[in-house]
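Chain residues, written in single-letter form:
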Amino acid sequence: MAQFSLNLESELFTLQRQLIEANYQPGDYRLFTIYERKPRIIAAAPFRDRVVHHALINIIEPPLDKQFIYDSYACRKNKGVHKAIDRYQTWAKRYRYALKMDISKYFPSIDRILLKDKISQRIKDSNVLKLIDKIIDTAPNTGLPIGNLTSQFLANLYLDDFDHYIKEQLRIHPYLRYVDDFIILDDDKNRLHELRIQIQEYLANNHLHLHPRKRHIAPTRRGLDVLGYLVFPNHRCLRNDNGHRFFRKLRGFAKAYAQGKIDWEDFNPSVQSWIGHAKHADTYNLRAKIFYNTVFRR
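Reading the values: the criteria
Residues numbered from 1 in each chain as written. Predicted model: local features only at pLDDT ≥ 70, side-chain atom pairs only at ≥ 80, totals over all residues. Heavy atoms only, no water. Phe/Tyr/Trp six-rings, centres within 6.5 Å; stacked < 30°, edge-to-face > 60°. Helix = DSSP H or I, 4+ residues; strand = E, 2+ residues; numbered from the N terminus. Buried < 20%, exposed > 50% of the residue type's maximum accessible area, 1.4 Å probe, protein only. Lys NZ or Arg CZ within 6 Å of the ring centre and 35° of its normal. Expected span 1.5 Å × (residues − 1). Arc of directions from axis to C-beta. Contact = heavy atoms within 4.5 Å.

**Digging into the packing of aromatic side chains**
At step 1: With the rule as written, the count across this model stands at 14 aromatic pairs.
At step 2: Between Y165 and Y202, the aromatic rings sit 4.2 Å apart at their centres with planes inclined by 15 degrees, giving stacked as the arrangement. A residue pair is termed long-range when its members are at least 10 positions apart, and Y165 in helix α9 (residues 160-169) and Y202 in helix α10 (residues 189-204) qualify at 37 residues. You'll find Y165 and Y202 in the same group, each marked buried.
At step 3: Cluster of aromatic residues (ring-pair linked, three or more members): F162, Y165, Y175, F182 and Y202.
At step 4: Here the basic side chain of K79 rests over the ring of Y70, its NZ or CZ set 3.3 Å away from the ring centre.
At step 5: In this structure, K118 packs its charged tip against the face of Y158, placed 5.2 Å from the ring centre.

**Focus on helix α7 (residues 126-137)**
At step 1: An ideal rise of 1.5 Å per residue puts 16 Å on 12 residues; α7 measures up with 16 Å between its terminal C-alpha atoms.
At step 2: What α7 keeps buried is the set V128, L129, L131, I132, I135 and I136. Along the axis of α7, the buried positions cluster into a sector of 160 degrees, meaning they face one direction only. Pointing more than 90 degrees away from the buried face of α7 are the exposed residues N127 and K130.
At step 3: Along its buried surface, α7 packs onto α2 (8-20), α3 (47-65), α6 (112-122) and α8 (149-158).

Okay, here's the thing in structure tokens:
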């Protein structure tokens, strides 16, 4: 990144020429594992490739996003986690049961050949298609790598047909999806059981499978774990592990600050981000307890 920035104009012109002449070649990914609730392998593309990814998404996102259903919330402008939570909670006031499901190992399970077919049905520019194919083919392992902007967008696109199947063929409402997490609400518990079977069959044709422990039906009044929050019809809580994890992180910041290893501006954005996230739930007492028990001094 530093080298690219130092020679920004030259690097950008080189990338432009390579893309025009169709001899652009992605670099090697850097793989590392993060441990947040469960281990995930992250694939970080070189900085110059990330510039290409952003440029590509700037071109293909506007027309393709218009084809997505309204209640698809991941990685879209004016959507996101908190909009999805608000939408679910509005529905939870009206419906008795919620069917919550997610896909087992979604990103690694995406079939690249099927993905390319879905893309070619929506994009007709041959140069754009060749670039997308190159990005997909040079990614490590199978499916799509976690960590790319292109992966996030294409993962949404991969399930777009499924969204339209749910809404237009099965005529299901309410329904929402965030990446590979999706929720359907109804007053009829048996109807939700039937839908789960139909959904399993449809996903199998896309080489995807529901997570065996994450496809349950629950009364909305008891609260549902939705994208990091426990959401009830009239209130919501932050999931316990989120608060514990942030408290440990904050104590780590306090220790490093006391030792002079970091300054306030090094960790304050992370703290403010968590506070903003926590404020979307009933967390006043939790936030007060965490910050009361953490002291920053030198």
